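Secondary and tertiary structure notes
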Amino acid sequence: MTAVDRAREAFAAAFGGPLEGVWAAPGRVNVIGEHTDYNDGFVLPVALPQTTRAAVARRDDGLVALVSAQHPGDRVEVPVAELAPGRPGGWAGYPAGVVDALRDRVPGGVSVLVDGDVPAGMGLSSSAALSCSVALALRDLAAPDLAVADLVDVARRAENDFVGAPTGILDQSASLLCTAGHALFLDTRDRSTEQVPLDLRAAGLELLVVDTGTTHDHATGGYGDRRRECEQAAERLGVRALRDVPDVAALAPLDDGTPEGGVLLRRARHIVTENARVLEVVRILRGTADPGAIGPMLTAGHASLRDDFQISTVELDTAVATALEAGAAGARMVGGGFGGSAVVLVDADRTDDVARAITDRFAQQGFTPPRAFAVVPSAGARRLA
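Residues numbered from 1 in each chain as written. Predicted model: local features only at pLDDT ≥ 70, side-chain atom pairs only at ≥ 80, totals over all residues. Heavy atoms only, no water.

**Section: the layout of surface pockets**
Estimated volume of the largest pocket: approximately 650 Å³. Lining the largest pocket are 34 residues, and of these Tyr94, Ala120, Ser126, Ser127 and Leu130 lie nearest its centre. Contributing elements (two or more residues each) for the lining of the largest pocket: α2 (93–101), β5 (109–116), α3 (126–142) and α4 (148–163). (1 Å grid on protein atoms, 1.4 Å probe; cavity = no way out; pocket = protein on both sides within 12 Å on 5 of 7 lines; lining within 4 Å. Points joined across faces, edges and corners; volume = space filled by probe spheres on them. Helix = DSSP H or I, 4+ residues; strand = E, 2+ residues; numbered from the N terminus.)

Okay, structure coming up:
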């Protein structure tokens, strides 16, 4: 049974009527450019093969009815007129936030059945995949005048304003704009994009995602703290955003000898150096050099996230260090931090050895067994049926 067949069958079982279509949106893994998006900086994600599918049909009773194959028995129904931040909460807040943003287009309500295989809590943007699949569905059904950039904003507002997760536009842009065989070079200030070829397999390389088994949540914890610290650093430096700081030397005014100044210096230094790493990786991939040459940039990015941004964990640090010891070209944590996954650039013939080394090290340390899988740059959101 195909994913579309499963969605049709599950939709009929949940709602008893025909659906109008099935849409899919992928998760993403960010090659380089972490936490730069809400600082008006540069990012370089690829879309995952794994997607969230949304089977959707419009209603005429004014209800938003939501069912998830990953949350059986947790059916949610809320009148469109009563949608509000936090109502509904949990997983249903993401599709409900999209409906809320487009409530004038679907006044009669919608039925949505979601199913997918983007792992949650791994730093792979499962929430953006959920929001973007529903946003694309509602665009096709009820708002054909909306451009993809509008859908990015709709999905981002669903996360920021409805769910309360203070993300930038990286995740939603990657889910909606990535293309197969490419990384998406995105300037988050002016929204300009470039599809940068990234055929790792042709170069004998693989991108290995390692789930450390520690989950995170953008709507809670330190993610919002880091965003506020970056905003405070920019304000002290008198710039619109940390994107406008030309180099590390220009961060000197933050180093005022106080503990707070030291924290802001470290946060800002990560953003400035991470933007430079994105630009260097893009330069390498545009040229004729071996894409394996980007490995040191990934590893340097991890050190910066660990030491300056302070969002890594012992499990993530162990995965990265072990991968490098086993011969990986580069490795780093990926996503918002405080848990989730690491990404490893490795020769294809060493992938199994690296994965095994990480698994063995985790067992020695008494950590939750990790899960590793190779990914290829895949297609962005699309209609399946």
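After presenting the structure, the write-up continues.
**As for the sheet that holds strand β9 (residues 330–334)**
Taken in spatial order, the 4 strands line up as β9-β10-β8-β11 in an open sheet, and their pairing is antiparallel. Where the open sheet ends on each side, the last strands, each with one partner, are β9 and β11 (371–375). The average angle at which neighbouring strand axes cross in this sheet is 25°, direction not considered. As paired strands, strand β8 (residues 205–214) and strand β10 (residues 340–347) are joined by 8 bridges and run antiparallel to one another. From the neighbouring strand, Leu208 faces β10, where its bridge partner is Val344. Its contacts with the sheet place helix α8 (residues 295–307) against β9 and β10, and it is angled at close to 40° to β9. Taken strand by strand, helix α9 (residues 314–325) contacts β8, β9 and β10, and its axis lies near 165° from that of β9. (Pairing = 2+ DSSP bridges. Axes fitted to C-alpha atoms, helices over the stretch in contact; angles between N-to-C directions. Contact = heavy atoms within 4.5 Å.)

**Re helix α6 (residues 222–237)**
Given a rise of 1.5 Å per residue, 16 residues ought to cover 22 Å, and the 23 Å separating the end C-alpha atoms of α6 matches this to within 8%. Taken residue by residue, α6 has Gly222, Tyr223, Gly224, Arg226, Glu229, Cys230, Ala233, Ala234 and Leu237 as its buried positions. Next to the buried residues of α6 lie α7 (259–286). Positioned one or two residues after α6, Gly238 has a phi angle of 75°, which is positive. (Expected span 1.5 Å × (residues − 1). Buried < 20%, exposed > 50% of the residue type's maximum accessible area, 1.4 Å probe, protein only.)

**Notes on empty space enclosed by the protein**
As enumerated under the stated definition, the model contains 1 cavity of 30 Å³ or more in all. Lining the largest cavity are 13 residues, and of these Arg28, Glu34, Asp37, Leu170 and Tyr223 lie nearest its centre. Looking at side-chain class alone, the lining of the largest cavity contains 3 nonpolar, 6 polar and 4 charged residues. (Nonpolar A, V, L, I, M, F, W, Y, C, P; charged D, E, K, R; others polar.)

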